[in-house]
Amino acid sequence: MSLKGKRIILGVTGSIAAYKAAHLTRLLIKSGAEVQIVMSTSALDFITPLTLSTLSKRPVLHQFQKDETGEWNNHVELGLWGDLFLVAPASANTLAKFAHGLCDNLLTATYLSARCPVMLAPAMDLDMYQHPAVRENLKKLQSFGNHILDAESGELASGLSGQGRMMEPEHIIERLDAFFSPKRDFLGKKVLITMGPTQEAIDPVRFISNHSSGKMGLSLANAFKERGAEVYVVSGPIALSVDQGQFHWINVRSAQEMFDAASSLHSKMDLCVFAAAVADYAPAEPATEKIKKSEDELTIHLKKNVDIAFSLGKIKKPHQLHVGFALETENEVQNAQSKLEKKNLDLVVLNSMKESGAGFQVDTNRVHIFHRNGTSVSSTTAPKEEIANLILDEIKKAPVWV
Ligand code: PMT
């Protein structure tokens, strides 16, 4: 396992688990990382800066002003220096401050300035860990894109036993290693992703569409790319900033255009993921000129759009794998599962409009993935990047793949 050259800002907060920060620092240094430790004020009651600076081979920072020189510890520079900001242990108090943007010490200021990914390893007593306020803060922090290293179960400092122990340093190192050395398990595979909404013209200035932002599809495209695939994206109109150059990227507007683009690529693909929210209906005869306001009521006659997943499912070859999504508001599981057969999918990913932090627009999702062979897996609410990687892991379990 190597973290050679990786710059880790290790935040240590006031928790009895702060003693584990010493062992964690040793493991980080042993695996080749550069470690800059920042302590919260209350962490000083639990472990000395001397211990941590000796192990990290750098001065430990815990106040805005350097003692000897009166110089300023620049939290903005610090936030830019790191490849990763890891807070272990993360106390309930610091999590609450992070969740609400409070900035009363060098550690919280560094968090707000950090541009790098953030991992948080909570540590607290079991009842505190389950308290709705803490659960809410963790959910909020996750929705900001932070990675939560879930507390482990076992004996706690209070004498109670349950979930609340900081993740063991060895496990944290494993998570960091996986984070920095993504698998290349889709190398050589060609993947098509449909994503975003479609827009169906009513007249030259108006259209029918939906709330898809393209975030889920883009997270999938990024995950496939990182894991070695050659990625073809057919995207409806989105407002995300994307480096399109790293993909074969086709912009489309309507369902028909999306179908035409996807069909032209389909035969050379190994894998297709239909993440787009395609409008099921479109105005039958879009007006060529802007419709003028005249009558009190206006009727727009709609016709059914082509179903892309269904049509391509009919010509799917035995070596090809199709993944569909289901966005439901009722009879969710039943409706999702029926799409497996109807659209000849190998996997269907259900995201519910009823779950908070899931579906349209948000940065997180919560999914239930159903395989054709009847097995299924459910996720927690997690950043769409994480959900994308879970979907890729499930794809590899499909019979076509193994
Ligand atoms: O873009 P975000 O804001 O991140 O939101 C993500 C998402 C909620 C849009 C995404 O996760 C999602 O669920 N996409 C599919 C939404 C949808 O249209 O579901 P559906 O149940 O109506 O369609 C079922 C499947 O058939 C989907 O794979 C869909 O892409 C496909 N389909 C549907 C209609 C159609 N005419 N052609 C299709 O290919």
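Here the structure is shown first, and the text comes after it.
Residues numbered from 1 in each chain as written. Predicted model: local features only at pLDDT ≥ 70, side-chain atom pairs only at ≥ 80, totals over all residues. Heavy atoms only, no water.

Would you mind going over the overall build of the protein chain in detail, with residue names and values included?
The secondary structure content of the protein chain amounts to 13 helices and 21 strands. Counting the 402 residues in the protein chain, one finds 49% classified as buried. Considering only contacts in the protein chain between residues 6 or more positions apart, those separated by 24 or more positions represent 68%. Counting every atom, the protein chain has about 19,400 Å² of accessible surface; 51% of that belongs to carbon and sulfur. Charge centroids of the protein chain, computed over 43 positive and 45 negative side chains, lie 4 Å from each other. (Helix = DSSP H or I, 4+ residues; strand = E, 2+ residues; numbered from the N terminus. Buried < 20%, exposed > 50% of the residue type's maximum accessible area, 1.4 Å probe, protein only. Contact = heavy atoms within 4.5 Å. Areas by Shrake-Rupley, 256 points an atom, 1.4 Å probe, with all protein chains shown as cover. Lys, Arg positive; Asp, Glu negative; His and termini not counted. Charge placed at Lys NZ, Arg CZ, Asp CG, Glu CD.)

Can you tell me about the sheet that holds strand S19 (residues 367–371), naming the residues and giving the values?
Sheet architecture is open: eight strands sit in the order S12-S11-S8-S13-S16-S17-S19-S20, paired in mixed fashion. What marks the edges here is a single partner per strand, and that holds for strand S12 (248–251) and strand S20 (376–378). Strand-to-strand, the axes of this sheet are offset by a mean angle of 15 degrees, without reference to chain direction. Here strand S16 (residues 321–328) pairs with strand S17 (residues 347–352) via six bridges, running parallel. (Pairing = 2+ DSSP bridges. Axes fitted to C-alpha atoms, helices over the stretch in contact; angles between N-to-C directions.)

So what about the nonpolar core? Which residues, and what values?
Within the largest apolar cluster, 33 residues are counted, with the highest numbers of intra-cluster contacts made by Ile 193, Leu 220, Phe 224, Ile 391 and Ile 395. Elements with a minimum of two residues in this core: strand S8 (190–195), helix H9 (215–226), strand S11 (230–235), strand S13 (271–274), S16, S17, S19 and helix H13 (384–395). Sorting elements by how many residues they give to this core places H9 first, with six residues. The residues contacting Leu 220, other than those within four sequence positions of it, are Ile 193, Val 273, Ala 275, Phe 325, Ala 388, Ile 391 and Leu 392. Counting residues in hydrophobic clusters, the runner-up holds 32 residues, among them Leu 3, Leu 86, Ile 172 and Leu 176. (Core = buried A, V, L, I, M, F, W, Y, C linked by side-chain atoms within 4.5 Å.)

So what about the pattern of salt bridges? Which residues, and what values?
Counted by the stated rule, this structure contains 17 salt bridges. We note a salt bridge from Asp 104 to Lys 97, for which the minimum N-O separation is 2.8 Å. Linked through salt bridges whose partners overlap, the residues forming this network are Lys 183, Asp 185, Arg 227, Asp 393 and Lys 396. (Salt bridge = Lys/Arg side-chain N within 4 Å of Asp/Glu carboxyl O.)

Can you explain the site of the ligand? Please cite residues and give values.
Not every one of the 27 residues close to the ligand is listed here, only the nearest: Ser 212, Ser 213, Phe 274, Ala 276 and Asn 351. At a separation of 3.4 Å, a nitrogen atom of the ligand approaches a polar side-chain atom of Asp 307. In this structure, an oxygen atom belonging to the ligand sits 2.6 Å away from a side-chain N or O atom of Asn 351. Elements that contribute at least two residues to the shell around the ligand include exactly H9, helix H11 (308–314) and S16. Per-element tally for the shell around the ligand: the top contributor is S16, with five residues. (Near = heavy atom within 4 Å. Polar contact = N/O pair within 3.5 Å; in protein donor to acceptor, adjacent residues only side chain to side chain.)

Residue-level account of the packing of aromatic side chains, with values.
Applying the stated criterion across every chain yields a total of four aromatic pairs. For the pair Phe 247 and Trp 249, a centre-to-centre distance of 5.9 Å together with 45 degrees between the ring planes defines the contact as tilted. Per residue, the accessibility class of Phe 247 equals that of Trp 249, and both read buried. Positioned above the aromatic ring of Tyr 129 is the side chain of Arg 135, whose terminal nitrogen or guanidinium carbon lies 4.7 Å from the ring centre. (Phe/Tyr/Trp six-rings, centres within 6.5 Å; stacked < 30°, edge-to-face > 60°. Lys NZ or Arg CZ within 6 Å of the ring centre and 35° of its normal.)

Talk me through helix H2 (residues 49–56); I want residue IDs and the actual numbers.
For an α-helix the count is 3.6 residues per turn, leaving residues at separations of three or four pointing the same way. Burial in H2 covers these residues: Leu 52, Ser 53 and Ser 56. Angular distribution of buried residues about the axis of H2 spans 100 degrees; they occupy a single face of the element. Facing away from the buried side of H2 by over 90 degrees, the exposed positions are Leu 50 and Thr 54. Turning to H2, the residues buried within the fold contact strand S1 (7–12), helix H1 (20–30) and strand S2 (34–39). Just downstream of H2, Lys 57 is the residue with a positive phi angle, here 65 degrees. (Arc of directions from axis to C-beta.)

Outline the sheet that holds strand S5 (residues 147–148), listing residues and values.
With respect to topology, five strands assemble into an open sheet ordered S2-S1-S3-S4-S5, the strand pairing being parallel. With partners counted over all chains shown, the strands left at the sheet margins are S2 and S5, one partner each. As defined by bridge partners, strand S3 (residues 84–90) adjoins strand S4 (residues 118–122) across four bridges and the pair is classed as parallel. What sits directly across from Phe 85, in S4, is Val 118. The strands touched by helix H5 (residues 106–113) within the sheet are S1, S2, S3 and S4, with S2 carrying the most contacts at an inclination of about 125 degrees.

Any details on the packing of H1 against helix H8 (residues 169–180)? Residues and values, ideally.
In the contact formed by H1 and H8, the axes pass within 9 Å of each other and the chain directions differ by 40 degrees. By the angle between their axes, H1 is oblique relative to H8. By crossing handedness, the relation of H1 to H8 is classed as right-handed. Taking contact as the criterion, the partners of Lys 20, His 23, Leu 24, Leu 27 and Leu 28 in H1 are, on H8, Pro 169, Glu 170, Ile 172, Ile 173 and Leu 176. For the contact of H1 with H8, a count of residues per class yields seven nonpolar, one polar and two charged. (Parallel < 35°, antiparallel > 145°, perpendicular 65-115°, else oblique. Left-handed = near helix turned anticlockwise from the far one by under 90°. Nonpolar A, V, L, I, M, F, W, Y, C, P; charged D, E, K, R; others polar.)

Please provide a residue-by-residue account of the pairing of strand S6 (residues 152–155), values included.
Two elements, S6 and strand S7 (residues 161–165), share four bridges in a ladder whose sense is antiparallel. Along S7, the bridge assignment pairs Gly 154 with Gly 162. Between S6 and S7, which follow one another and run antiparallel, lie five residues, and Gly 159 among them has a positive phi close to 100 degrees.

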